[in-house]
Amino acid sequence: MQRGRHYGTQMERALRGEITPEMVQVAESEGWQPEALMAEIAAGRIVIPANNRRPRESYCGVGRGLRTKVNANIGTSKGTSGIEFEKRKLDISIECGADAVMDLSTGPDIDGVRRALIDGCPIAFGTVPIYQATVEAQEMKGAIINMTEEDILRGVQKQAEDGVDFMTIHCGLTMEAVERLRKHPRIADIVSRGGSFLTGWMLHHQRQNPFYAQFDRILEIAQEYDITLSLGDALRPGCIADATDRGQVQELMILGELVQRCRAAGVQVIVEGPGHVPMDQVEMNIKLQKRLCEEAPFYVLGPLVTDVAPGYDHITSAIGGAIAAAAGADFLCYVTPAEHLGLPDEQDVRQGVIASRIAGHAADLAKGIKGAMDWDKAMGKARKDLDWGEQRRLAMDPTAFDKHPHTRDKTGCSMCGPYCAMRIVSDYLGRPAGSC
């Protein structure tokens, strides 16, 4: 059953003092009181991505004081993947505990792919509308620069109607921000695909970014369907040497102003953050965003803390993600081992989701998020008791136990054998391991 527009967005309803079913569910899952969650949604510090045309059984909240959430990017690329391949990656993302997925398809039949994926998706579903608008302009009009503002707005509308919960909108990339980039050159220039598409269009036409110029119309669509706008970081640094430069900060300042416009319209909003950032600048970037964007939930890609580990960027991003989330980032976009190499396969997706979940949980422990320490205490007890079944149940990735069969029993594991520290100390303390 579809919910009508007259109910309003989650934010509008929170501002009226209404506790929605989605708020109740999120509050229960996070161990919060619904009234407290409602107040944070009203203030814009927490969002619940929930398109009102796509009721689901499960919702998640993103924002201050909640468990750090993880997004997995999937989607076709021309000539290298198809719907069935992406469906498998969707299934793996869900199995591994992702809280959201984004369809970044640029291959054939983008509408068909999105609808097939969203039909089987029980978690929050996001898109980047500029991708489809650009691909269609290239294919139907011969060039990206032939894309019109109406093409972009129609794409946003169509994806909203399909039930997309959150959308990356590259609205902070203005002519002024591009000029800042000109005056402060980078090594990697613009690495955001959406940012590069829009920059080419803007410079060719010498006109303002359509997402910025038509932001009020974007807000109308978002308000109608309760789309959570994810304000994109088109000028995110694409290498360590470019981090925290004038272009990035200029865009962030504009995004802070647009956060205010979203809240004034009752539209839920999050802000996207940088990609490549050295460790000593990660916390500063988080605090700068939180200050300029008035505590809006922060969604970061990684961040990756070094450029020299292709094939292992799920690790470089997990390092940065843990630091970022501990400093206040709310939503981590996974990075897979295939980053900078090619389209990720199923195993890459698994490793990317698990790495980001590890980063998020480590940060939740540091922040004292409710329930985070309970999980680790339970695992500690299971290890003490040599309870392998319970350890597997508690593991973030239970399949890890399947990779080492016949290596464990009640006396220990194959690493220490009869010299298991847990068993030896328990014996001397008069409490045999495995007795609890």
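Residues numbered from 1 in each chain as written. Predicted model: local features only at pLDDT ≥ 70, side-chain atom pairs only at ≥ 80, totals over all residues. Heavy atoms only, no water.

**Q** Explain a nonpolar patch on the surface to me, please; I cannot follow it from the model alone.
**A** On the surface, Tyr 419, Ile 424, Val 425, Tyr 428 and Leu 429 cluster together into a nonpolar patch covering about 630 Å² of accessible area. Of note, Leu 429 is situated in the segment after α18 (421-428). (Patch = residues over 30% accessible without salt bridge, like charges linked within 9 Å, V, L, I, M, F, W, Y side chains within 5 Å. Areas by Shrake-Rupley, 256 points an atom, 1.4 Å probe, with all protein chains shown as cover. Salt bridge = Lys/Arg side-chain N within 4 Å of Asp/Glu carboxyl O. Helix = DSSP H or I, 4+ residues; strand = E, 2+ residues; numbered from the N terminus.)

**Q** Please explain the UniProt feature "binding site: Zn(2+)" (unreviewed entry) in the protein as it appears in this structure.
**A** Here the UniProt-annotated "binding site: Zn(2+)" (unreviewed entry) positions come out as His 276 and His 340. Maximum C-alpha separation among the annotated residues is 12.2 Å over a sequence range of 65 residues, consistent with a single clustered spot. With respect to the secondary-structure elements, His 276 resides in the loop between β8 (269-273) and α13 (279-292). Excluding residues within four positions of it along the chain, His 276 makes contact with Pro 237, Gly 238, Cys 239, Ile 240, Ala 243, Leu 304, Asp 307 and His 340. Among the structural elements, His 340 can be located in the loop between β10 (331-333) and α15 (346-367). Apart from residues lying up to four places away in sequence, His 340 is in contact with His 276, Leu 304 and Asp 313. Side-chain polar atoms of His 340 contact the side chain of His 276, separated by 3.5 Å. (UniProt positions renumbered as here; feature names shortened; annotations may be inferred. Contact = heavy atoms within 4.5 Å. Polar contact = N/O pair within 3.5 Å; in protein donor to acceptor, adjacent residues only side chain to side chain.)

**Q** How do you make sense of α13 when you look at a structure like this?
**A** Counting along an α-helix, one turn takes 3.6 residues, and residues three or four places apart therefore face a common direction. Taking 1.5 Å as the rise per residue, α13 with 14 residues should run 20 Å; its terminal C-alpha atoms sit 21 Å apart, in good agreement. For α13, the full list of buried residues reads Gln 281, Val 282, Asn 285, Ile 286, Gln 289 and Lys 290. Where α13 is buried, its residues contact α12 (246-264), β8, β9 (298-301) and α14 (313-327). (Expected span 1.5 Å × (residues − 1). Buried < 20%, exposed > 50% of the residue type's maximum accessible area, 1.4 Å probe, protein only.)

**Q** Before we go on, may I ask you to explain the domain arrangement of the protein in this structure?
**A** How big an interface is tends to be expressed through the accessible area that disappears when the partners come together. Each domain of the protein was delimited in the assignment, giving domain 1 (69-367) and domain 2 (372-429). Computed from C-alpha atoms alone, the centre-to-centre distance between domain 1 and domain 2 is 39 Å. Each partner contributes to the interface: domain 1 provides 8 residues, whereas domain 2 provides 7 residues. Contact between domain 1 and domain 2 buries roughly 690 Å² in total, counting both sides, with carbon and sulfur atoms accounting for 68%. The three residues of domain 1 that bury the most area against domain 2 are Arg 357, His 361 and Leu 365, which together make up 60% of that side's buried surface. Remark: the boundary between domain 1 and domain 2 carries 1 salt bridge. Put simply, Asp 397 and Arg 350 hold a salt bridge, and the shortest N to O gap is 3.8 Å. (Domains from an automatic or database assignment. Buried area = accessible area lost by both parts, 1.4 Å probe.)

**Q** I'm lost on the pairing of strand β4 (residues 100-103) in this one. Help?
**A** Every other side chain in a regular strand lies on the same face of the sheet, so the side chains alternate between the two faces. With burial as the criterion, each face of β4 is covered, one bearing Ala 100 and Met 102 and the other bearing Val 101 and Asp 103. For strand β3 (residues 69-74) and β4, the ladder comprises 4 bridges, and the chain directions are parallel. If you follow Asn 73 over to β4, its bridge partner there is Met 102. Once the chain exits β3 it traverses helix α4 (residues 83-95) before rejoining the sheet at β4, and the crossover so formed is right-handed. Of the strand pairs in this sheet, β4 and strand β5 (residues 124-127) are connected by 4 bridges, and their pairing is parallel. Across the sheet, residue Ala 100 finds its bridge partner in β5, namely Ala 124. The handedness of the β4 to β5 crossover, carried by helix α5 (residues 110-119), is right-handed. (Pairing = 2+ DSSP bridges. Right-handed = clockwise from strand over helix to strand, strands pointing away.)

**Q** Help me understand the packing of aromatic side chains in this model?
**A** How two aromatic rings sit relative to each other is set out by the distance from centre to centre and by the angle between their planes. Counted according to the given criterion, the structure contains 3 aromatic pairs. Seen in terms of ring centroids, Tyr 131 and Phe 197 are 6.3 Å apart; in terms of plane orientation they differ by 80 degrees. Their pairing is edge-to-face. Note that Tyr 131 is positioned in helix α6 (residues 129-141) and Phe 197 in helix α9 (residues 193-205), a separation of 66 residues in sequence. Judged on exposure class, the residue Tyr 131 and its partner Phe 197 are both buried. Between Tyr 299 and Phe 331 the ring centres are 4.3 Å apart and the planes differ by 25 degrees, which places this aromatic pair in the stacked class. Taken together, the residues span a long stretch of sequence, with Tyr 299 in strand β9 and Phe 331 in strand β10 at a distance of 32 residues. Judged by its relative accessible area of 3%, Tyr 299 is buried. Three or more aromatic residues joined by ring pairs form one cluster here, namely Phe 166, Tyr 299 and Phe 331. (Phe/Tyr/Trp six-rings, centres within 6.5 Å; stacked < 30°, edge-to-face > 60°.)

**Q** I keep staring at the sheet that holds β9 and nothing clicks. Help me out?
**A** What links the strands of a sheet is backbone hydrogen bonding, and the strands pair in either a parallel or an antiparallel sense. Ordered in space as β3-β4-β5-β6-β7-β8-β9-β10, the 8 strands form a closed barrel in which the pairing is parallel. Direction aside, the axes of adjacent strands within the sheet are offset by 25 degrees on average. In the sheet, β9 pairs with β10 via 3 bridges, with the strands oriented parallel. Each residue of the ladder has a partner; that of Val 300, found in β10, is Leu 332. Against the sheet, helix α11 (residues 215-225) makes contact with β6 (166-169) and β7 (228-231), and its axis sits at roughly 145 degrees relative to β7, the strand it touches most. On top of the sheet, α13 reaches β8 and β9; it is set at about 145 degrees to β9, its chief contact. (Axes fitted to C-alpha atoms, helices over the stretch in contact; angles between N-to-C directions.)

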